[in-house]
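Take a look at the letters that make up each chain.
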4 protein chains.
Amino acid sequence: MTVRAAVAGASGYAGGEVLRLLLGHPEVEIGALTGNSSAGQRLGGLQPHLLPLADRVVAETTAEHLAGHDVVFLALPHGQSAAVAERLGPDVLVIDMGADFRLTDPGDWERFYGSSHAGSWPYGLPELPGARAALAGAKRVAVPGCYPTAASLALFPAYAAGLAEPEAVIVAASGTSGAGKAPKPHLLGSEVMGSMTPYGVGGGHRHTPEMIQNLSGVAGERIAVSFTPTLAPMPRGILATCSAKAVGGVTGESLRAAYDKAYADEPFVHLLPEGQWPATASVQGSNAVQVQVACDAEVGRIIAISAIDNLTKGTAGGAVQSMNLALGLDETTGLSTIGVAP
Amino acid sequence: MTVRAAVAGASGYAGGEVLRLLLGHPEVEIGALTGNSSAGQRLGGLQPHLLPLADRVVAETTAEHLAGHDVVFLALPHGQSAAVAERLGPDVLVIDMGADFRLTDPGDWERFYGSSHAGSWPYGLPELPGARAALAGAKRVAVPGCYPTAASLALFPAYAAGLAEPEAVIVAASGTSGAGKAPKPHLLGSEVMGSMTPYGVGGGHRHTPEMIQNLSGVAGERIAVSFTPTLAPMPRGILATCSAKAVGGVTGESLRAAYDKAYADEPFVHLLPEGQWPATASVQGSNAVQVQVACDAEVGRIIAISAIDNLTKGTAGGAVQSMNLALGLDETTGLSTIGVAP
Amino acid sequence: MTVRAAVAGASGYAGGEVLRLLLGHPEVEIGALTGNSSAGQRLGGLQPHLLPLADRVVAETTAEHLAGHDVVFLALPHGQSAAVAERLGPDVLVIDMGADFRLTDPGDWERFYGSSHAGSWPYGLPELPGARAALAGAKRVAVPGCYPTAASLALFPAYAAGLAEPEAVIVAASGTSGAGKAPKPHLLGSEVMGSMTPYGVGGGHRHTPEMIQNLSGVAGERIAVSFTPTLAPMPRGILATCSAKAVGGVTGESLRAAYDKAYADEPFVHLLPEGQWPATASVQGSNAVQVQVACDAEVGRIIAISAIDNLTKGTAGGAVQSMNLALGLDETTGLSTIGVAP
Amino acid sequence: MTVRAAVAGASGYAGGEVLRLLLGHPEVEIGALTGNSSAGQRLGGLQPHLLPLADRVVAETTAEHLAGHDVVFLALPHGQSAAVAERLGPDVLVIDMGADFRLTDPGDWERFYGSSHAGSWPYGLPELPGARAALAGAKRVAVPGCYPTAASLALFPAYAAGLAEPEAVIVAASGTSGAGKAPKPHLLGSEVMGSMTPYGVGGGHRHTPEMIQNLSGVAGERIAVSFTPTLAPMPRGILATCSAKAVGGVTGESLRAAYDKAYADEPFVHLLPEGQWPATASVQGSNAVQVQVACDAEVGRIIAISAIDNLTKGTAGGAVQSMNLALGLDETTGLSTIGVAP
């Protein structure tokens, strides 16, 4: 099979990462690369790490340029995907790396994004119960947010097994690429190096309802989520430190058994041996997820921690994984669990 | 007043930081600098940032070398302070930057440190209710741990005002200097740059009982603490993200009022204006504490976040602040609230 | 003496650093803080590390707001200083941290800046032969560029002693704050962390003619300079690696003697002991300069290396040092040789 | 073809990187992994980024454990490779990533390494004139040092074309992984973050004679090299800033033509378009080399700059590239020119 893929938003971080992965995908041929302000420029100046594409020129993001592909990856600002997808036709596989089609509840969307809801697409987190079936053969995929990917994979086995009380506290540290490539003063290297700082505190972050949706779906009841994101002085990576009260009788053994069961056959999620903890450096550039879990008996809480690369498993790797499923390819094609470390 | 001060453990990070501050203290004259493996070396090779002391030679850490000073700062591995302090006599002000005399409960000490308890000294966190009185004129001071400093200052006003339920969840990111200068593989620059990783998860960190002690003392009941420390890719700084269920009826206003009241007259704790969040870079090299607090109404939790410099307010600055109080000097002498940023 | 000082450009990195230093200067009272796009904002949101000034509001940069001060520091984009200085009157000490008045040769200015030359002011690098005399009592001071400060202090003693051939090769690494606070894509944290990259290669950097001017002035003949600046993944600091052919007969001893002589009485320049090399971390936040020099006998070259903090000695510290000289204060008032490390 | 490969020194950075690359090599099966102090440990704890090998156990580095492989990669401290290679027999392809067999001149070896010379093997920098022929079918390969790789590729086309005078000045910045994984105080994250510092100044670095050997071999005359390495605050990458006097009549055009010719058919060396400069982030994790060159007419110098990943093209990628040539595989098999950025 040769799949012809286009990438809209090729000059940004998500677009660059999906191109990095597609270059190594044996079944994909890279077609149109489109952008807005970058249209007309050589990719070599915009994404200098993608040497094989250095001489490609970015086209404008129009339905014409995106036509004629089997798969179109959208890395667009939120609110723009619906219009583009509509013009691509129902037979093209459209994979939206933005937020537009992640939330199933229109009220959530409106409250957090302030615009009208475009709808919801099959959710591209195959490790969630039931998700793989919905992705097989799909023509539309909503790629999860990076924080929800990390937090959901850290916590869902506890909820699936009924081991955790319905309130989770999630504190996650993200590398700066999660904030995108548009230059803003607080994202300058001078500002971020040497600094840890929170943002979107108190429930305001747009990834909160997505976490609630994922965990509630698994638990069968509404899970409240207190989510605090922090910006860390590194380009890539998310470390999600999650906890919830354990229900009565939960032990380290029952907890570990639940995670063992959830992840025994997952190709990308690696439950670390006891005593070893996730590190973002270990998954840099890889689609792997490192997970560890412990029970703090003193306070009766489950502590579940995951590390991902926000751009790979958290965005573009998750997108390619879902593409593989939608196209009927082996889910791991073109994806790696090998990080670039140190 | 001229106070003659000695520093035991002058070649490490805590020792270096206390020397940095004492060099700028108008009432202090720096006397003996002692060490173990560094004895006999010029300080210029060990602490090349302390130019005025470059030609000073490190002496061995013995009671003889530490004798004859008004103040002795101990930056020693835990378990060594008691023996040294005993030989210094009761009239010398001994300020222990290690853990030995922080915990009041011998059982806590034995459980977390595995040795017999040396006792407890006045606790050098002046901002805690009642602490200043105990420090005035004291001859022995136990400097708090860096994480307990950050977490206690983030949370205690909520407990002092009876606004929070007795279980706190604390996730803190620390710069690598908190792990000391002894070279270990996981602390190599190659390992830490680009990586966030937790450690001591599940209640095992030695700073946990100290946090419980501080918060319980303020609350008048036992506060359970779930504490997860993480190592962040920066040399200095702690960002403590703390939360607890709000008791019924707490609003953003009542919460802010409690913090306003707690910190109105504190010279080093700065409650940020609403909407601005702490950043470790802002307090780099300074004794200031940035604090912000919010109420997440959706989940009914108080989120309190603080940023400190782990070596300054978290160790050596806190030590000098306590020294000032113990000696009857103005508490802020030789200390600054101005960070070195960017 | 109490000197009232204003800072134009208070929201940028140079402005922030001069404020940081002036806050610790015993003879200075901080007056107007002005800016352009930041006018009307609280300084606490713009420079959150300067807690004592958090509630000050930035005024617009106008002659009216800058009037009535003894000293005015200008941290403006190049080309704007002359007009402002003119309106301040001849009795006000005006210290320009920009480039406008650094070059004495109008042709150099026009070639590198593309506008007409505003003139030249006494040059604020007191360590250069003859510079102190010109600064004493001056009412106008041109603060040197950060790279020329580092490179000139590394090399001039070799030229002053006639030990080096008239062609210098200078490769310098700078922290990102040297590029300013205006957000540009290549200065994003995501881009700079983990990356070293050159810029302005081949003689094009505007600091090149200033280096030539300084070294030629000392040598009494034109010194050619090949200068390559590189951007390093750190917020602050310049490491300048400089070399030149040694004239015949130069030995390590004669070289060291020349540097010893040049820097024996300099309060801020520290010639390191043999075998120890400069490190930017050691001078972070300090006005110190670390210098080391060696003779590579095999190739007959002098290698001279310096480390400075680009914002302190390289900009704002140099400015305050010159202010002290101009006002007749002790040159070291309010300045420190103690770095914030690690 | 399936090639069975062993790696001696599997727990270090060079060993880890060669394993990372071999995991993606379609013709290689990974056999024994050996070490010294790490023997008996799971690789998952030592190289947590290599998930597919997490359960492999490190064996002791003995001839027995290394026997029975087609290729053996040696990542050993210098001085140990000869004895191991001898016992492996002449039919096994032995690729030494250490220094032992790089230098052809015994006097150079003795002067820089202080031991007796073990000999010299075909030199694994295929891009050097004549090198490919010597590597084809070889059974022993000496992998170049990381700095000599970067510097030789930056400069040799100028020497091959007779455009540069025989004295080169090389200033290179390296990520910390180049210094290895053995913990030393100056390599701690606390020390290296925020700091640039030189070392081995004045001709003493052991990579200097290797650079001289490479450039002299191309030039047909002895090239003097002034080399200053610096340690940069990043885990990976080398930026080599190299210059030499241009011979009379050299222009930007003739220079560019020489580089175009040298690299037109090289799969891994990318001569950047004019105006774009190398950045280490762009080659992170990739075997690519970014090169740019300019003529500074004012001073008559050629400035040639290269960026590599010190662990990939600078060590393990170069080793795999040479393995491919030695085995008669396509030179690019299992190697990528795609970096992991940002």
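Residues numbered from 1 in each chain as written. Chains lettered and ligands numbered in written order. Predicted model: local features only at pLDDT ≥ 70, side-chain atom pairs only at ≥ 80, totals over all residues. Heavy atoms only, no water.

Engineer: Any details on the sheet that holds strand 1 (residues 3-8) of chain C? Residues and values, ideally.
Structural biologist: What the six strands build is an open sheet, ordered 3-2-1-4-5-6 (chain C); its pairing is parallel. Sheet topology places strand 3 (59-60) and strand 6 (140-142) of chain C at the edges, where each strand pairs with a single neighbour. (Pairing = 2+ DSSP bridges. Helix = DSSP H or I, 4+ residues; strand = E, 2+ residues; numbered from the N terminus.)

Engineer: Hey, could you go over the side chain of Gln-47 of chain C for me, with residue numbers and the actual values?
Structural biologist: Residue and element names in this part refer to chain C. Looking at where Gln-47 falls in the secondary structure, it is placed in the loop between helix 2 (43-46) and strand 3. Judged by relative accessible area, which is 3%, Gln-47 ranks as buried. Separated by 3.2 Å, the side chain of Gln-47 and the backbone oxygen of Ser-11 make a polar contact. Beyond its immediate stretch of four places on either side in the chain, Gln-47 contacts Ala-10, Ser-11, Gly-12, Gly-15, Gly-16 and Lys-181. (Buried < 20%, exposed > 50% of the residue type's maximum accessible area, 1.4 Å probe, protein only. Polar contact = N/O pair within 3.5 Å; in protein donor to acceptor, adjacent residues only side chain to side chain. Contact = heavy atoms within 4.5 Å.)

Engineer: So what's going on with the interface of chain B and chain A? Residues and values would help.
Structural biologist: Listed per partner, the contact involves 42 residues of chain B and 42 residues of chain A. Note on chain B versus chain A: buried area summed over both sides is about 3300 Å², and carbon and sulfur give 63% of it. Among the residues chain B hides against chain A, the three largest losses belong to Glu-167, Met-196 and Val-201 of chain B. Together they make up 16% of the total. One can count six salt bridges joining chain B with chain A. One salt bridge in this structure joins Lys-245 of chain A and Glu-167 of chain B, with 2.6 Å as the shortest N-O distance. Counting across the interface, chain B meets chain A through twelve residue pairs in polar contact (both at pLDDT 80 or more). Those elements giving two or more residues to the side of chain B that touches chain A turn out to be strand 7 (164-174), helix 8 (189-192), strand 8 (197-198), strand 9 (224-231), strand 10 (238-246) and strand 13 (301-308) of chain B. When residues in the side of chain B that touches chain A are grouped by element, the largest group, five residues, is from strand 9 of chain B. (Buried area = accessible area lost by both parts, 1.4 Å probe. Salt bridge = Lys/Arg side-chain N within 4 Å of Asp/Glu carboxyl O.)

Engineer: Which residues make up helix 7 (residues 146-160) of chain B, and what are the values?
Structural biologist: Residue and element names in this part refer to chain B. Here helix 7 contains 15 residues, and its C-alpha end-to-end distance of 21 Å stays within 8% of the 21 Å for a straight helix at 1.5 Å per residue. Of all the bends in helix 7, the greatest measures close to 35° and is centred on Ser-152. Phi for Gly-162, located one or two positions after helix 7, is positive at around 70°. (Expected span 1.5 Å × (residues − 1). Bend = angle between axes of the 7 residues up to and from the residue.)

Engineer: Requested: an account of the relation of the copies chain B and chain A, with residues and values cited.
Structural biologist: Overlaying chain B on chain A yields an RMSD of 0.0 Å, the required transformation being a rotation through 180° with an accompanying axial translation of 0.0 Å. What the superposition gives is, in effect, a two-fold axis relating one chain to the other. Among all residues of chain B, the one whose C-alpha sits closest to the rotation axis is Pro-233 of chain B, at a distance of 3.1 Å. (Least-squares fit on C-alpha atoms with pLDDT ≥ 70 in both.)

Engineer: Report on the UniProt feature "domain: Semialdehyde dehydrogenase NAD-binding" (unreviewed entry) in chain A, specifying residues and quantitative values.
Structural biologist: The residues that UniProt annotates with the feature "domain: Semialdehyde dehydrogenase NAD-binding" (unreviewed entry) are residues 4-136 of chain A. Annotation note: span residues 4-136 of chain A, helix share 30%, strand share 17%, distance between end C-alpha atoms 19 Å. (UniProt positions renumbered as here; feature names shortened; annotations may be inferred.)

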